[in-house]
Number of protein chains: 2
Amino acid sequence: MLTFFNPEHARHDAEFEIFRGQQVPAFERAERQERVAQRLRERGHELRVPHADAAAVLARLHAPRYLEFLAGAWSQWLALDPANAQRLPYASVWPVRSLRDDVEPDNFIARLGLYSMDNGQTVGPGTWQAGRAGADAAHSAALAVAGGVRAAFCLSRPPGHHAGPDFMGGYCFLNQAAVAAQTLRDAGAARVAVLDVDYHHGNGTQTLFYRRSDVYFASLHGDPRTEYPFFLGHADERGAGEGLGCNLNLPLPAGSAPEAWFHALEVALAQLAAWGADALVVSLGLDTAAEDPICRFGLTGDDFSRLGQRLAATGWPTVLVFEGGYANESLALNTVRVIEAFDTGARP
Amino acid sequence: MLTFFNPEHARHDAEFEIFRGQQVPAFERAERQERVAQRLRERGHELRVPHADAAAVLARLHAPRYLEFLAGAWSQWLALDPANAQRLPYASVWPVRSLRDDVEPDNFIARLGLYSMDNGQTVGPGTWQAGRAGADAAHSAALAVAGGVRAAFCLSRPPGHHAGPDFMGGYCFLNQAAVAAQTLRDAGAARVAVLDVDYHHGNGTQTLFYRRSDVYFASLHGDPRTEYPFFLGHADERGAGEGLGCNLNLPLPAGSAPEAWFHALEVALAQLAAWGADALVVSLGLDTAAEDPICRFGLTGDDFSRLGQRLAATGWPTVLVFEGGYANESLALNTVRVIEAFDTGARP
């Protein structure tokens, strides 16, 4: 499968993350993309650097003040104290209900909280560059598909589906799946389906399209009552305004077996077909694997092949966007299983 | 001055707090109240334990689900893992804009985030007991004033003015100033003024009374553009609904001199007098002292005497509620300066 990879991804690669107030080794590391890229090369897939600039698409999805903050955050942090080069900034206060988000504080750490939903990962020296190149990769993959390629893979990290209109969170900064969907729309697809199969609900993608009738967001994920992101992803979220009826959440209990998962997949695909999708973006999280260290579904290698085959059988022009997946040993194998099963299923 | 002290305060006394992602020695420690109590005793003031139960008042100010969470939080945390007795729980994700707060997650850490605005301090083994006794102390002090005592002091920690209807934050869990104001109202005062002179804006108190016309909230504080709580306390917040016009914020730049501070105090007191207050609650933060380690105003010992004298000159029955102040060496001296200057000024 034609793959656009993020050549700048390793510029965002923090050694630690904050988990419940403690610094712990980070799960979302550069090694993830590198292993997948290496495996794809070994298997003969074509890897390309992105050729198209996603700036205009990003500006229509994310808030200008958020993009401006992300672009300048590291230099602002350094300007406060040269010693900050040796430490990452972490937010400490968040504008929850009754607090205001319409006045941007002058205090840098407060601004970081304004533009965050958690404090697991934060902006480092190359986060903006890595995020921007990831958006370019998603944009390039979508342009290739819009140009007639049956399917393309955006291999990029950090992931994107938790990033909302104006906040980072869940290791995500810029929403690559949303960039791919918007690009397909701009290139002529009338109805774009986003199918999110990451273990975690794609709260950012849902929010970005919640009031739109031209992009349908469907997600199967661990029930947010017990799983991250906790505060979105419930079954009663059906869209709003013009987008009412264009959002489908299928939360599954942690520990659900593959058959329950594939049943939910069929429900989602049937809904997207009934809606009349003419192009598909898949938020491809591989953290549904049984061996994933921070998730609790039980998919095996064969299940990932089955997923790839099933996606190909939809017949839709498809952009696959790499999201989560933290069992680094099997991650590349499972990713390539999806990709190659898709290729096999899509062969005329 | 008649003082009601919190006999359970030391049950909440974490050694560390989280500051920008790092564990640092806590500023808000039991020593704060103990030093003030000792100084008051030495100076011959009467210290009493609270005699009245604030439960019914708390239930009208804070959301039931928040009170229930606080009351059970530590035992829920222990139930997850007996080893949790040795560590405090810290939130990791917050329901900011577009995320939902109407569904309480089953995950304990997510619930902690649902009910928090920051992650500086958290619930420990005795937080609920300390908070409840503090509310009782505020309630008892207000009842004494309602019963004819000219002024009473609620000496309690953890502080309260950042605690909102359903969230903790800024070292605060239950809003003691709000309990005192509501108690005065219930006992017959028609119009209760809350004057917040802590360095930090009392976002919780403001929010609790923002739509009410029977309690006026006025605050002088460090400008939230640069100072905690960052996301509330701006000059354009004037109240809403029936409470429109019953809220006054006087943010001052960090580093403001005492004369600017006393000028703002006069503006606030003139407004409260024009409104027709018949009782006063003072959120008495002492972190306006020049030597405070985390704040940036420059009040001296004489300024605290001047404050006490000026408050007495209003003539209003007054409940003083202890809030912030982290320069432990001078904290007790400055607190007693306010108290004794008030007593002197109030003498017939």
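Along every chain, residues carry numbers that run from 1 in the direction the sequence is written. Chain labels run from A onward and ligand labels from 1 onward, assigned in the order the entries are written. pLDDT decides what is reported in this predicted model: residues at 70 or higher carry local features, side-chain atom pairs at 80 or more are listed and counted, and totals for whole chains, interfaces and linings draw on all residues regardless. Hydrogens and waters are ignored; side-chain quantities use all the structure's heavy atoms.

Asker: Is there a simple way to explain the sheet that holds strand S10 (residues 318–322) of chain A in this structure?
Answerer: Note on sheets: strands pair through backbone hydrogen bonds, and any given pair is parallel or antiparallel. Residues and elements named next belong to chain A. Strands are labelled as partners when DSSP assigns at least two bridges between them. Only DSSP runs of H or I covering at least 4 residues are called helices, and only runs of E covering at least 2 are called strands; the numbering of each starts at the N terminus. The sheet built from 8 strands is open, its strands ordered S4-S1-S5-S10-S9-S6-S7-S8 with parallel pairing. Two strands close off the open sheet at either side, each with one partner strand: strand S4 (47–48) and strand S8 (247–252). Pairing of strand S1 (residues 2–5) with strand S5 (residues 151–155), which is carried by 4 bridges, proceeds in the parallel orientation. What sits directly across from leucine 2, in S5, is alanine 152. Residues count as neighbours in contact if any of their non-hydrogen atoms are within 4.5 Å of one another. Inter-axis angles, ranging from 0 to 180 degrees, are taken between N-to-C directions of lines fitted to C-alpha atoms, where helices are fitted over the stretch in contact. Sitting on the sheet, helix H5 (residues 127–146) is in contact with S1, S5 and S10, with an inclination near 175° to S5.

Asker: What is the right way to read the interface of chain A and chain B from this model?
Answerer: Accessible area lost when the parts come together is the quantity often used to give the size of an interface. Opposite the 47 residues of chain A that make contact, chain B presents 46 residues. As a working definition, buried area equals the accessible area (1.4 Å probe) given up by two parts on being put together, with both sides summed. For the pair chain A and chain B, the two sides together bury roughly 4300 Å², of which 59% comes from carbon and sulfur. Salt-bridge detection follows one rule: a side-chain nitrogen of Lys or Arg within 4 Å of a carboxyl oxygen of Asp or Glu. Scanning the region where chain A abuts chain B turns up 6 salt bridges. Linking B:Arg100 and A:Asp236 is a salt bridge whose minimum nitrogen-to-oxygen distance equals 2.7 Å. Nitrogen and oxygen atoms within 3.5 Å of one another constitute a polar contact, given that in protein one can donate a hydrogen and the other can accept it, and given that sequence-neighbouring residues count only through two side-chain atoms. Inspection of the region where chain A meets chain B yields 16 residue pairs in polar contact (both at pLDDT 80 or more). Listed by contribution, the elements that provide at least two residues to the side of chain A that touches chain B are strand S3 (22–25), helix H4 (108–114) and helix H7 (203–209) of chain A. At 4 residues, the largest contribution of residues to the side of chain A that touches chain B is made by H4(A). Within the side of chain A that touches chain B, the residues separate by chemical class into 22 nonpolar, 13 polar and 12 charged. Note that Gly is not counted as nonpolar here; it falls among the polar residues with everything else outside the nonpolar set of Ala, Val, Leu, Ile, Met, Phe, Trp, Tyr, Cys and Pro and the charged set of Asp, Glu, Lys and Arg.

Asker: Hey, could you run me through the packing of aromatic side chains in this one?
Answerer: Here a pair means two rings of Phe, Tyr or Trp (six-membered ring of Trp) with centres within 6.5 Å. Their orientation is stacked below 30 degrees between planes, edge-to-face above 60, and tilted elsewhere. Across all of its chains, the model carries 23 aromatic pairs over all chains by this definition. Each ring, one from B:Tyr228 and one from B:Phe230, has its centre 6.1 Å from the other, and the planes form 75°; the classification is edge-to-face. Taken together, the ring pairs in this structure connect A:Tyr66, A:Phe69, A:Trp77, A:Phe108 and A:Tyr115 into an aromatic cluster. Note on criteria: charge over ring means Lys NZ or Arg CZ within 6 Å of the ring centre, with the direction from the centre no more than 35 degrees off the ring normal. The aromatic ring of A:Phe262 is capped on one face by A:Arg306, whose charged end is 3.8 Å from the ring centroid. Across the ring face of B:Phe5, the terminal group of B:Arg41 is positioned such that the distance to the ring centre comes to 5.7 Å.

Asker: Would you mind going over the environment of A:Glu237 with me for this structure?
Answerer: Tracing the backbone through its elements, the reader meets A:Glu237 in the loop between strand S7 (215–222) and S8. Judged by relative accessible area, which is 3%, A:Glu237 ranks as buried. When the C-alpha atoms of A:Glu237 and A:Asn247 are compared, they prove to be 6.8 Å apart, with 10 residues separating the residues in sequence. Filtering out sequence-adjacent residues up to four positions away, A:Glu237 remains in contact with A:His201, A:Gln206, A:Tyr210, A:Leu232, A:Asn247, A:Asn249 and B:Arg100. Of the polar contacts made by the side chain of A:Glu237, one reaches the side chain of A:Gln206; its length is 2.9 Å. At 2.8 Å, the side chain of A:Glu237 and the backbone nitrogen of A:Gly233 are in polar contact. Relative accessibility under 20% of the residue-type maximum defines a buried residue, over 50% an exposed one, and the middle range a partly exposed one, all with a 1.4 Å probe and only protein chains included.

Asker: Teacher, can you tell me more about the confidence of the model for chain A here?
Answerer: In regions of low pLDDT, the predicted coordinates are not meant to be interpreted in detail. Residue and element names in this part refer to chain A. As a per-residue measure, pLDDT tells how confident the predictor is, with possible values from 0 to 100. Chain-level pLDDT for chain A is 97 on average; 100% of the residues reach the 70-or-more range. The secondary-structure element of chain A with the lowest mean pLDDT is S3, recorded at 90, while strand S6 (residues 192–196) shows the highest, at 99. The ipTM, which scores confidence in the relative placement of chains, is 0.96 for this predicted complex, and the corresponding pTM is 0.97.

Asker: What should I look at first to understand the nonpolar core in this one?
Answerer: Note that soluble globular proteins tend to have their nonpolar side chains buried in a common cluster. Of all hydrophobic cores here, the largest spans 120 residues; its most connected members are A:Leu184, A:Val281, A:Val319, B:Leu184, B:Val281 and B:Val319. Apart from residues no more than four positions distant in its own chain, B:Leu184 is found in contact with B:Ala142, B:Val145, B:Ala146, B:Ala189, B:Val192, B:Ala279, B:Leu280, B:Val281 and B:Val319. In this text, buried Ala, Val, Leu, Ile, Met, Phe, Trp, Tyr and Cys residues form a nonpolar core when linked through side-chain atoms within 4.5 Å.

Asker: Honestly, helix H9 (residues 301–313) of chain A in this entry has me stumped. Any pointers?
Answerer: An α-helical turn contains 3.6 residues, so a residue and the one three or four places further along point in the same direction. Residues and elements named next belong to chain A. Taking 1.5 Å per residue as the helical rise, H9 with its 13 residues ought to reach 18 Å, and the 19 Å between its terminal C-alpha atoms agrees with that figure. Turning to H9, its buried residues number three or more, namely Gly301, Asp303, Phe304, Leu307, Gly308, Leu311 and Ala312. On the buried face of H9, the contacting elements are S6, helix H8 (258–275), strand S9 (279–284), S10 and helix H10 (328–346). One or two positions beyond H9, positive phi appears at glycine 315, with a value near 85°. Helix span, expected: 1.5 Å multiplied by one less than the number of residues in the helix.

Asker: Would you take a moment to explain the packing of helix H8 (residues 258–275) of chain B against helix H9 (residues 301–313) of chain B for this structure?
Answerer: Relative orientation and spacing of two packed helices are given, respectively, by the angle between their axes and the distance between those axes. Residues and elements named next belong to chain B. Relative to each other, H8 and H9 sit at 10°, their axes nearing to 12 Å. In terms of orientation, H8 lies roughly parallel with respect to H9. Contact with H8, carried on its side by Pro258, Glu259, Trp261, Phe262, Leu265, Glu266 and Leu269, involves Asp303, Arg306, Leu307 and Arg310 of H9 and no other residues of that element. Of the residues in the contact of H8 with H9, the class split is 6 nonpolar, no polar and 5 charged. What sets the label is the angle itself: under 35 degrees gives roughly parallel, over 145 gives roughly antiparallel, 65 to 115 gives roughly perpendicular, and the rest give oblique.

Asker: Got a minute to help me understand the state of the cysteines in this structure?
Answerer: Each disulfide consists of a covalent bond between the sulfur atoms of two cysteine residues. Residue and element names in this part refer to chain A. Here, two cysteine sulfur atoms that lie within 2.5 Å of each other are counted as a disulfide. A complete count under the given rule lists 0 disulfides over all chains for this structure. Free cysteine cysteine 154: the closest other cysteine sulfur is in cysteine 172, separated by 12 Å. Exposure remark for cysteine 154: the relative accessible area of 0% places this residue in the buried category.

Asker: Whenever I open this one, the environment of B:Phe230 confuses me. Can you help?
Answerer: Along the polypeptide, B:Phe230 turns up in the loop between strand S7 (215–222) and strand S8 (247–252). The sequence separation of B:Phe230 and B:Leu143 amounts to 87 residues, and the corresponding C-alpha distance is 34 Å.

Asker: Just checking my understanding: could you explain the side chain of B:Glu323 for this structure?
Answerer: Residue and element names in this part refer to chain B. Locating glutamate 323 in the fold gives a position in the loop between strand S10 (318–322) and helix H10 (328–346). The charge count treats Lys and Arg as positive and Asp and Glu as negative. His and the chain ends do not count. We note that glutamate 323 is buried and unpaired, the nearest opposite charge coming from arginine 32 at a distance of 7.9 Å. Only 3.1 Å separates the side chain of glutamate 323 from the backbone nitrogen of histidine 161, close enough to count as a polar contact.

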